[in-house]
Amino acid sequence: GHGMRRMVEDDKPPDLDYVRLIRKISPLLWPEQLNLKLRVFLCAATLILARVANVMVPQFYKGAVDKLAGSGGGIPEFPLYYLCMFTTMKILQSTNRDLRQFFWIDVEQDTSKRIKLRVFTHLHALSLNFHLQRKTGEVLKVVERGASSLQSLLSMALFTIVPTIIDLLLVCVVLLLASEAVLSGVVLASMLLYGYATITMTNWRKKFRREAITADNAANDRAVNSLLNFETVKYFGMEDRERDVLDGAISEVNKANWSNEVSLYALNVVQQLILATGAFICLYISAARVAEGALTVGDFVMIQAYIVQLGMPLAWLGTAWRVIQQGFVDMEK
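A. Highlighting the packing of helix H7 (residues 181–228) against helix H10 (residues 297–314). With their axes 12 Å apart at the nearest point, H7 and H10 run at an angle of 15° to one another. In terms of orientation, H7 and H10 fall into the roughly parallel class. The two elements H7 and H10 cross, and the hand of that crossing is right-handed. Between H7 and H10, the residues in contact are Leu183, Val187, Met191 and Tyr194 and Ile303, Leu310 and Leu314, respectively. Partitioning the contact of H7 with H10 into residue classes produces seven nonpolar, no polar and no charged.

What follows is the structure, encoded as structure tokens:
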């Protein structure tokens, strides 16, 4: 009754309850129509195929190199089979994103529509007091932002973070099956350290971003107020003083932006150092194993290809983390 309605209408606490929020939105994520459910399965199939392609591309690359090098004391051969399979897997890799989006777009639109309709119905069920105290335009903007944020959150979680984690685990399994447990451990440790550093430093950078936005808003507000009070400024001859005040405000903006940019450069340097160190250790170990005769040149190339493949999606990890955090904030509102 009335008590529940008051609870619904009260402002939310500043600390997000992720579990409660996920529990609320999870029923809306699974489509109701059969054709959309089929599209979800097709989308999942494309993701699985992409994971298979990511594992097999370096394998076929290794096979081609070993054939050309005549590894194992054999005669160098033209690796037609490996070249054809390598090209097929590369095509599957490159077209996967567009194929996946083709299947997903209708599901995404349906989810967004059902969320907007549910919120719209909920708003109509609220008391008159709620509508008198809130601005309609602001409420609608929050609804729109929350729905779009859910789409971004789902896209980042399902198509960036989860596939990257699966790829990492698959590479570790492949190396373990090849009796290279040390290499598997180095790859896993490097990627975990990369993820930890990215998330920690991204959270640290938020204060610089907030300071930059606050300083920019203050400078704009100062300039607009000065121009709106043009007659007063002119009457008292305060043009130079207003200019000096604006000069100080812009200097604060530049200082805040400098801190924001430098923190981004620091994040990029730390990320690249972690990746480069992990790659060097893996290549050093594999090169030593090749020199001993335990691995082939193809194995060395395969390990390097796996490292490059894992590094590419990790570049989006910081962005994905920010999008997910902002998505939860917008949906809570």
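B. The pattern of salt bridges, seen in detail. Scanning the entire structure with this criterion turns up 12 salt bridges. Here aspartate 299 and lysine 62 are joined by a salt bridge, their closest N and O atoms 3.0 Å apart. One end of the pair, aspartate 299, is in helix H10; the other, lysine 62, is in helix H3 (residues 34–69), and 237 residues separate them in sequence. Its salt-bridge partner being arginine 241, residue glutamate 242 comes within 3.8 Å of it at the nearest N-O pair. One salt-bridge network, held together by shared partners, links Lys62, Asp66 and Asp299.

C. Region of interest: the packing of aromatic side chains. Summed over all chains, the structure comprises eight aromatic pairs. Within the aromatic cluster, the residues linked to one another by ring pairs are Phe60, Tyr81 and Tyr82. Here arginine 39 stacks its cationic end above the ring of phenylalanine 102, 5.5 Å away from the centre of that ring.

What counts and how
Residues numbered from 1 in each chain as written. Predicted model: local features only at pLDDT ≥ 70, side-chain atom pairs only at ≥ 80, totals over all residues. Heavy atoms only, no water. Axes fitted to C-alpha atoms, helices over the stretch in contact; angles between N-to-C directions. Helix = DSSP H or I, 4+ residues; strand = E, 2+ residues; numbered from the N terminus. Parallel < 35°, antiparallel > 145°, perpendicular 65-115°, else oblique. Left-handed = near helix turned anticlockwise from the far one by under 90°. Contact = heavy atoms within 4.5 Å. Nonpolar A, V, L, I, M, F, W, Y, C, P; charged D, E, K, R; others polar. Salt bridge = Lys/Arg side-chain N within 4 Å of Asp/Glu carboxyl O. Phe/Tyr/Trp six-rings, centres within 6.5 Å; stacked < 30°, edge-to-face > 60°. Lys NZ or Arg CZ within 6 Å of the ring centre and 35° of its normal.

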